[in-house]
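# Per-entry structural report
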Amino acid sequence: MYVPVPCGPGIPRRDREQSKIRHARLMLILFKPWRNVEDLRNTNMSWLDSYESFYSTCSQQVWHCIDNMQILHECKDSRDD
């Protein structure tokens, strides 16, 4: 299993209230097939609701990749403690 480590701004954390929506939007952009924004979320859904719906139905491979990104944050936290 691989953990994507993108260059540029860091991936938002899902365990911090101030970055949950950014995390949800980015995970949808990265992992959900789309051609326009309506493919990522319905107009009557929030980014967070759309992400939670996607996360509950995505493949195990995608699920592990998303979780590994969060684990990377947690490992950096432990290293810094």
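Analysis parameters
Residues numbered from 1 in each chain as written. Predicted model: local features only at pLDDT ≥ 70, side-chain atom pairs only at ≥ 80, totals over all residues. Heavy atoms only, no water. Helix = DSSP H or I, 4+ residues; strand = E, 2+ residues; numbered from the N terminus. Buried < 20%, exposed > 50% of the residue type's maximum accessible area, 1.4 Å probe, protein only. Contact = heavy atoms within 4.5 Å. Areas by Shrake-Rupley, 256 points an atom, 1.4 Å probe, with all protein chains shown as cover. Phe/Tyr/Trp six-rings, centres within 6.5 Å; stacked < 30°, edge-to-face > 60°. Core = buried A, V, L, I, M, F, W, Y, C linked by side-chain atoms within 4.5 Å. Arc of directions from axis to C-beta. Axes fitted to C-alpha atoms, helices over the stretch in contact; angles between N-to-C directions. Parallel < 35°, antiparallel > 145°, perpendicular 65-115°, else oblique. Left-handed = near helix turned anticlockwise from the far one by under 90°. Nonpolar A, V, L, I, M, F, W, Y, C, P; charged D, E, K, R; others polar. Salt bridge = Lys/Arg side-chain N within 4 Å of Asp/Glu carboxyl O.

A count of helices and strands for the protein chain gives 4 helices and 0 strands. Secondary structure elements in the protein chain, listed N-terminal to C-terminal, are α-α-α-α. Looking at the protein chain residue by residue over its 81 residues, the buried ones come to 27%. For the protein chain, the share of sequence-separated contacts (at least 6 apart) that also reach a separation of at least 24 residues comes to 51%. In the structure as shown, the protein chain presents an accessible area of about 5900 Å², 53% of it carried by carbon and sulfur atoms.

With that settled, consider the packing of aromatic side chains. Under the criterion given, the structure shown has 2 aromatic pairs. Summarising the aromatic geometry, the rings of Tyr51 and Tyr55 are spaced 5.7 Å apart at their centres and angled 35° between planes, so their arrangement reads as tilted. Here the residue Tyr51 and the residue Tyr55 both occupy positions in helix α3 (residues 47–57), the gap between them amounting to 4 residues, near one helical turn. Judged by centre distance (6.2 Å) and plane angle (35°), the ring pair of Tyr55 and Trp63 falls under tilted.

Here the focus is the nonpolar core. Counting 13 residues, the largest nonpolar core has Met27, Leu28, Tyr51, Phe54, Val62, Ile66 and Met69 as the members making the most contacts within it. Elements that contribute at least two residues to this core include exactly α1 (20–31), α3 and α4 (60–80). Element by element, the count of residues in this core is highest for α4, at 4 residues. Leaving out residues up to four positions away in the same chain, Val62 has contacts with Phe31 and Phe54.

Moving on, we get to α3. An α-helical turn contains 3.6 residues, so a residue and the one three or four places further along point in the same direction. Turning to α3, its buried residues number three or more, namely Trp47, Ser50, Tyr51 and Phe54. Axial view of α3: buried residues confined to an arc of 100°, hence all on one face.

α3 packs onto α1 with a crossing angle of 50° between their chain directions and a minimal axis gap of 8 Å. Taken as axis vectors, α1 and α3 run oblique relative to one another. Like other packed secondary-structure pairs, α1 and α3 cross with a definite hand, here left-handed. Two secondary-structure elements touch here, α1 through Lys20, Ile21, His23, Ala24, Arg25, Met27, Leu28 and Phe31 and α3 through Trp47, Leu48, Ser50, Tyr51 and Phe54. Tallied by class, the residues present in the contact of α1 with α3 amount to 9 nonpolar, 2 polar and 2 charged.

Evaluation of the coordinates by the stated rule reveals 3 salt bridges. The partner of Arg13 in a salt bridge is Asp15, and the shortest N-O contact between them spans 2.9 Å. Taking the relative accessible area as the measure of exposure, Arg13 reaches 9% and is therefore buried. Note on Asp15: relative accessible area 42%, which makes it partly exposed. In this structure, the salt-bridge partner of Lys20 is Glu17, at a minimum N-O distance of 3.6 Å. For Glu17, a relative accessible area of 63% puts it in the exposed group.

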